[in-house]
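# Descriptive structure summary
If you want the building blocks of each chain, they are given just below.
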Amino acid sequence: MKVALLCNLRPTALPPGASDDVFEEYDSPETIAQVARALAGLGVDVEPVTADARLPWRLEDGHFDFAFNLAEGQGRRCREAIPAAICEMLDLPFTGSDLLTLALSLDKAVARRVVSPEVPVARAVFIEDGEFPAEAIAPLRYPVLVKPNDEGSSKGIRRNALAANVDEAREGWRRLHAQYRCPVLVEEFVPGMEITVGIAGNVADARVIGAMEIAPAAGENPFVYSLEVKRDFRHCVRYHIPPRLDPQSLHEVEQLALAAYRLLGCRDIARLDFRLDAEGAPRFLECNPLPGLHPESGDIVILSRDRLSYDELVQGILRDAARRHGIVLP
């Protein structure tokens, strides 16, 4: 089997005037090399393929049998869906979620509407364009988190993402709208434990592969898993696997993660993020159906280490996807 490893590599230089996080979602050469090595362990022929405007021709010329999708794509709101859409158009089987799930999961406001009320979410106001809706924002419980609505990898979520009042929320909206040119979500900050859950599989065999508490190393309160924190995770974060919860509470979070996975139509693999409110009740934050697979810093890699080796995690994604298509791998 010849497998196209769809990817977007992080450039070494930024475009003039670009934010330093413009390519935050893109993968490092190390990640692509490690994923290719793991897949080769299944006896397949793996070739990295850049998911840019030439992707349709690259796939046709390569005569691939399957695609392993890590690609973030290029463009705006629907960029993550474009590589999957091209595979579907070419009738090329691919790993992971389809284009609809990839598109709606990146849009945080849409994802919230899809999972709620079956999966609880925090109150929030979506600001698409125009004037700042101060009257709608004012009744929210402060502090609030001001974040880009359709960005991933904590892009735009910096240490100053929390707003203590309407004026600070307005300033955050102005800053994000100017920098990212996308809608903004103003969401009540959920003050409790942050938990991320990894799910693998499809439909009846969808299963939790691990759950992890993400806690500040220095007891920072309030704690935001910001871009600066993620970049310096070795010093700023302590990961607790499993989370420091009683079994019943952890089971509740995992069941809500499975419900969100199903409601969003995820396939093969996804990571779902939650925080506990002041009463200890879980609130859905977002879903990442293209979780990063960096061998050291990928959250889904870290949370599943006690159950799966890196190779088993990567190979399992391809196995689940192949099974969906009636293909048996060795």
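Anything mentioned here points back to the structure above.
The paragraphs below set out a description of the structure included in this document. (Residues numbered from 1 in each chain as written. Predicted model: local features only at pLDDT ≥ 70, side-chain atom pairs only at ≥ 80, totals over all residues. Heavy atoms only, no water.)

### A word on the overall build of the protein
Summing up its helical and strand segments, the protein has twelve helices and twelve strands in all. For the protein, whose C-alpha radius of gyration is 19 Å, the value lies close to the compact-globule estimate of 20 Å for 330 residues. For the protein, the C-alpha atoms occupy an extent of roughly 55 × 50 × 35 Å along the three principal directions. Contacts in the protein between residues far apart in sequence, at least 24 positions, make up 69% of those at least 6 positions apart. With an accessible surface of roughly 14,500 Å², the protein has 52% of that area assigned to carbon and sulfur atoms. Positive and negative charge centroids in the protein, built from 37 and 50 side chains respectively, lie 1 Å apart. (Helix = DSSP H or I, 4+ residues; strand = E, 2+ residues; numbered from the N terminus. Rg over C-alpha atoms; globule rule 2.2 N^0.38 Å. Contact = heavy atoms within 4.5 Å. Areas by Shrake-Rupley, 256 points an atom, 1.4 Å probe, with all protein chains shown as cover. Lys, Arg positive; Asp, Glu negative; His and termini not counted. Charge placed at Lys NZ, Arg CZ, Asp CG, Glu CD.)

### Overview of the sheet that holds strand β3 (residues 66-69)
Taken together, the three strands give an open sheet; going across it, the order is β2-β1-β3, and neighbouring strands pair in parallel fashion. Each having just a single partner strand, β2 (45-50) and β3 make up the two edges of the open sheet. Along the sheet, successive strands turn relative to each other by an average axial angle of 30°, direction set aside. One ladder, built from four bridges, connects strand β1 (residues 2-7) with β3; its direction is parallel. From the neighbouring strand, Val3 faces β3, where its bridge partner is Phe66. (Pairing = 2+ DSSP bridges. Axes fitted to C-alpha atoms, helices over the stretch in contact; angles between N-to-C directions.)

### Some points on the nonpolar core
Counting residues in hydrophobic clusters, the biggest one holds 38 residues, and the most contacted among them are Leu5, Val35, Leu39, Phe68, Leu293, Ile300 and Val314. Put simply, the parts of the chain that give this core at least two residues each are β1, α1 (29-40), β3, β9 (207-216), α9 (233-236), α11 (299-303) and α12 (310-324). It is α12 that contributes the most residues to this core, seven residues altogether. Within the second largest apolar cluster, 27 residues are counted, among which are Val121, Ala257, Leu264 and Cys266. (Core = buried A, V, L, I, M, F, W, Y, C linked by side-chain atoms within 4.5 Å. Buried < 20%, exposed > 50% of the residue type's maximum accessible area, 1.4 Å probe, protein only.)

### Here we look at helix α3 (residues 81-89)
Where α3 is concerned, the buried positions are Ala81, Pro83, Ala84, Ile86 and Cys87. Looking at the residues trailing α3, positive phi occurs at Asp91, about 60°.

### Details of the packing of aromatic side chains
Any pair of aromatic rings gets described here by the distance separating the centres and the angle formed by the planes. Scanning all chains against the criterion turns up five aromatic pairs. Residues Phe23 and Tyr26 carry aromatic rings whose centres are separated by 5.3 Å and whose planes lie at 35° to one another, so their mutual orientation is tilted. Taking the ring centre of Phe64 as reference, the NZ or CZ of Lys2 above it sits at 4.9 Å. (Phe/Tyr/Trp six-rings, centres within 6.5 Å; stacked < 30°, edge-to-face > 60°. Lys NZ or Arg CZ within 6 Å of the ring centre and 35° of its normal.)

### What to know about the pattern of salt bridges
Tallied over the full model, the rule gives 25 salt bridges. A salt bridge links Glu188 to Arg123; the shortest N-O distance between them is 2.7 Å. Placement of the pair is Glu188 in strand β7 (residues 184-188) and Arg123 in the loop between α5 (108-115) and β4 (124-127), with a sequence separation of 65 residues. With its nearest N and O atoms 2.7 Å apart, the salt bridge here joins Arg323 to Asp320. Highlighted residues: Arg323 and Asp320, both in helix α12, separated by three residues, approximately one helical turn. (Salt bridge = Lys/Arg side-chain N within 4 Å of Asp/Glu carboxyl O.)

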